[in-house]
Amino acid sequence: MTDLDQLTQSLARNLKRWRGERSFTLDALAARAGVSRGMIIQIEQARTNPSVGTTVKLADALGISITTLLDHEQGAPVRIVPESQAVRMWSTEAGSSNALLVGTEARGPLELWSWQLMPGDGSASDPHPQGTVELLHVTAGTLTLVVDGTEYSVPAGASATFEAHHAHAYRNEGSEPVGVTMAVSIPPAR
């Protein structure tokens, strides 16, 4: 199979898959993308290799990147991680803990974490690689976030983001448990 044949097959498979996941009829996708219904049928049947412009229009209409639309990998598109398989990385006798919920290597690692900090507990982190960003959302209590020696109070319902190449820590200085959901974006290895 040539590279062009592989690309045509991947595009056909992925277009069908993403159109189905979005519950778009042929007519609905055609209208959204500004591409004829007949062209979409030909693409999904791997009978044509559309222009880059047409491929971009289809990706945009589906709300995905062109890279995703052309991806030739056969791996599972969804990875479900049951709560019982979340990886507990840290815990204390007081009941504080964190768990790595899910991660990905797409465009550099991306991790989603769930934290619970009991009153009086905290956890310090060494600086991460340059370009690492953390995003967090406090679901309960008030988190004391310390970044590069400066303390920030983040109450329940609030979110924060910071460049994590600085030393940082998470503390619960209140009287009720603190819950935090956090995403960590790590730059790809060079």
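Bear in mind the structure is a predicted one, so any value in this text is a computation, not a measurement.

Student: So what exactly am I meant to see when it comes to the side chain of threonine 54 here?
Tutor: Residue placement: threonine 54 occurs in helix H4 (residues 52-62). Threonine 54 has contacts with Val35, Met39 and Ile43, leaving out every residue within four places of it along the chain.

Student: How should I be thinking about the sheet that holds strand E9 (residues 168-171) in this particular structure?
Tutor: Strand pairing within a sheet occurs via backbone hydrogen bonds; the two strands may be parallel or antiparallel. If you walk across this open sheet you meet the 4 strands as E4-E9-E6-E7, and the pairing is antiparallel. Only two strands of the sheet have a single partner each, and these edge strands are strand E4 (122-125) and strand E7 (150-155). When strand polarity is set aside, the average angle formed by the axes of neighbouring strands in this sheet is 15°. Of the strand pairs in this sheet, strand E6 (residues 142-147) and E7 are connected by 6 bridges, and their pairing is antiparallel.

Student: I tried to follow a nonpolar patch on the surface on my own but got confused; where do I start?
Tutor: Together, Val52, Val56 and Ile66 make up an exposed nonpolar region whose accessible area comes to about 230 Å². Along the chain, valine 52 turns up in helix H4. Owing to a relative accessible area of 62%, valine 52 belongs among the exposed residues under this scheme.

Student: Which parts of the structure should I look at to understand the packing of aromatic side chains?
Tutor: Working definition: an aromatic ring pair is given by the centre-to-centre distance plus the angle between the planes. Tallied over the entire structure, the rule returns 2 aromatic pairs. Measuring from ring centre to ring centre gives 5.7 Å for tryptophan 90 and tryptophan 115, while their planes differ by 40°; the resulting arrangement is tilted. Remark: tryptophan 115 occurs in strand E3 (residues 110-117) and tryptophan 90 occurs in strand E1 (residues 87-91); sequence separation between them is 25 residues. Using a relative accessible area of 21% as the deciding quantity, one classes tryptophan 90 as partly exposed. Put simply, the rings of Trp90, Trp115 and Tyr170 touch in pairs and so form one group of aromatic residues.

About the cut-offs
Residues numbered from 1 in each chain as written. Predicted model: local features only at pLDDT ≥ 70, side-chain atom pairs only at ≥ 80, totals over all residues. Heavy atoms only, no water. Helix = DSSP H or I, 4+ residues; strand = E, 2+ residues; numbered from the N terminus. Contact = heavy atoms within 4.5 Å. Pairing = 2+ DSSP bridges. Axes fitted to C-alpha atoms, helices over the stretch in contact; angles between N-to-C directions. Patch = residues over 30% accessible without salt bridge, like charges linked within 9 Å, V, L, I, M, F, W, Y side chains within 5 Å. Areas by Shrake-Rupley, 256 points an atom, 1.4 Å probe, with all protein chains shown as cover. Salt bridge = Lys/Arg side-chain N within 4 Å of Asp/Glu carboxyl O. Buried < 20%, exposed > 50% of the residue type's maximum accessible area, 1.4 Å probe, protein only. Phe/Tyr/Trp six-rings, centres within 6.5 Å; stacked < 30°, edge-to-face > 60°.

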